[in-house]
Amino acid sequence: MYQTANFIVLTGGPGVGKTTLLTALQRQGFSTVPEDARQIIKEQLETAGDGLPWKNKLHYAELMLTASCISYERQLSKNVDQYVFFDRGIPDTLAYIDMENLVIERQLLREAKKRRYYKKVFILPPWADIYENDNERKQTWQEAEDTFKVMKDTYEKLGYETIEVPKITVAERVLFILKTLELKNY
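Below you will find a few notes about this structure. (Residues numbered from 1 in each chain as written. Predicted model: local features only at pLDDT ≥ 70, side-chain atom pairs only at ≥ 80, totals over all residues. Heavy atoms only, no water.)

**Comments concerning the packing of aromatic side chains**
Remark: the centre distance and the inter-plane angle together describe each pair of aromatic rings, the angle taken between the planes.
So, step 1. In total, this model carries eight aromatic pairs according to the counting rule given.
So, step 2. Ring centres 5.2 Å apart and planes at 90° place the aromatic pair Y72 and Y117 in the edge-to-face group. With Y72 in helix 3 (residues 57-78) and Y117 in the loop between strand 5 (115-116) and strand 6 (120-124), this residue pair connects regions lying 45 residues apart in the sequence.
So, step 3. Ring geometry for Y155 against Y160: centres 5.5 Å apart, planes inclined by 70°, an arrangement best described as edge-to-face. The residues Y155 and Y160 share a single accessibility class, namely buried.
So, step 4. Members of the aromatic cluster, each reached through a chain of ring pairs, are F7, Y72, F86 and Y117.
So, step 5. Over the ring of Y160 we find R116, and its NZ or CZ is 4.1 Å from the ring centre. (Phe/Tyr/Trp six-rings, centres within 6.5 Å; stacked < 30°, edge-to-face > 60°. Helix = DSSP H or I, 4+ residues; strand = E, 2+ residues; numbered from the N terminus. Buried < 20%, exposed > 50% of the residue type's maximum accessible area, 1.4 Å probe, protein only. Lys NZ or Arg CZ within 6 Å of the ring centre and 35° of its normal.)

Structural data, given as structure tokens:
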């Protein structure tokens, strides 16, 4: 099992400010890893592929799981001693698989579960004031709320401590995370 105390996950349902928060952390000098899902959706749309959550959920989940594992390994090979913030982690894909009642190859699931992040996971709750749909985000508000619950449950079942990030300004969210991680230099 691989695990690093320096790989920090930001998770939650769609449209809760994860990407904005990740960008703010990057501006503070931290390494960041963008969400794999948006890139997969863009690529599938550009190539007329069917690995989309509204077309072929199983293919989409397999693409996501593979991409998340690759992102993890890539960071492990170069940033093991630095803090790295991930816009979603491998358990997000596991939550999606559960939500959609998909059956994924057991070996792929076992391999994914071996890759562990820091024990504290930052989860952003649904926030109606900032929620918007776009070409890659088509979930309803109810789906966003349901996703939050499943994400929280999935991470906790995998032994992570979920820490809810308050609905405050981006700068205040950054400070909240850095204080929680006891990074005193910030």
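**Overview of unusual backbone geometry**
So, step 1. A positive phi angle is found at N101, which is not glycine, with a value near 55°.
So, step 2. Inspection of the secondary structure puts N101 in the loop between helix 4 (90-99) and helix 5 (106-114).

**Quick word on the packing of helix 2 (residues 36-46) against helix 3**
So, step 1. Between helix 2 and helix 3, the least distance of the axes is 9 Å, while the angle of their chain directions is 130°. The orientation of helix 2 relative to helix 3 falls into the category oblique. The handedness of the crossing between helix 2 and helix 3 comes out as right-handed. Along its contact with helix 2, which presents D36, A37, I40, I41 and Q44, the element helix 3 presents H59, Y60, L63, M64, A67, S68 and S71.
So, step 2. Along the lines of polarity and charge, the residues of the contact of helix 2 with helix 3 split into seven nonpolar, four polar and one charged. (Axes fitted to C-alpha atoms, helices over the stretch in contact; angles between N-to-C directions. Parallel < 35°, antiparallel > 145°, perpendicular 65-115°, else oblique. Left-handed = near helix turned anticlockwise from the far one by under 90°. Contact = heavy atoms within 4.5 Å. Nonpolar A, V, L, I, M, F, W, Y, C, P; charged D, E, K, R; others polar.)

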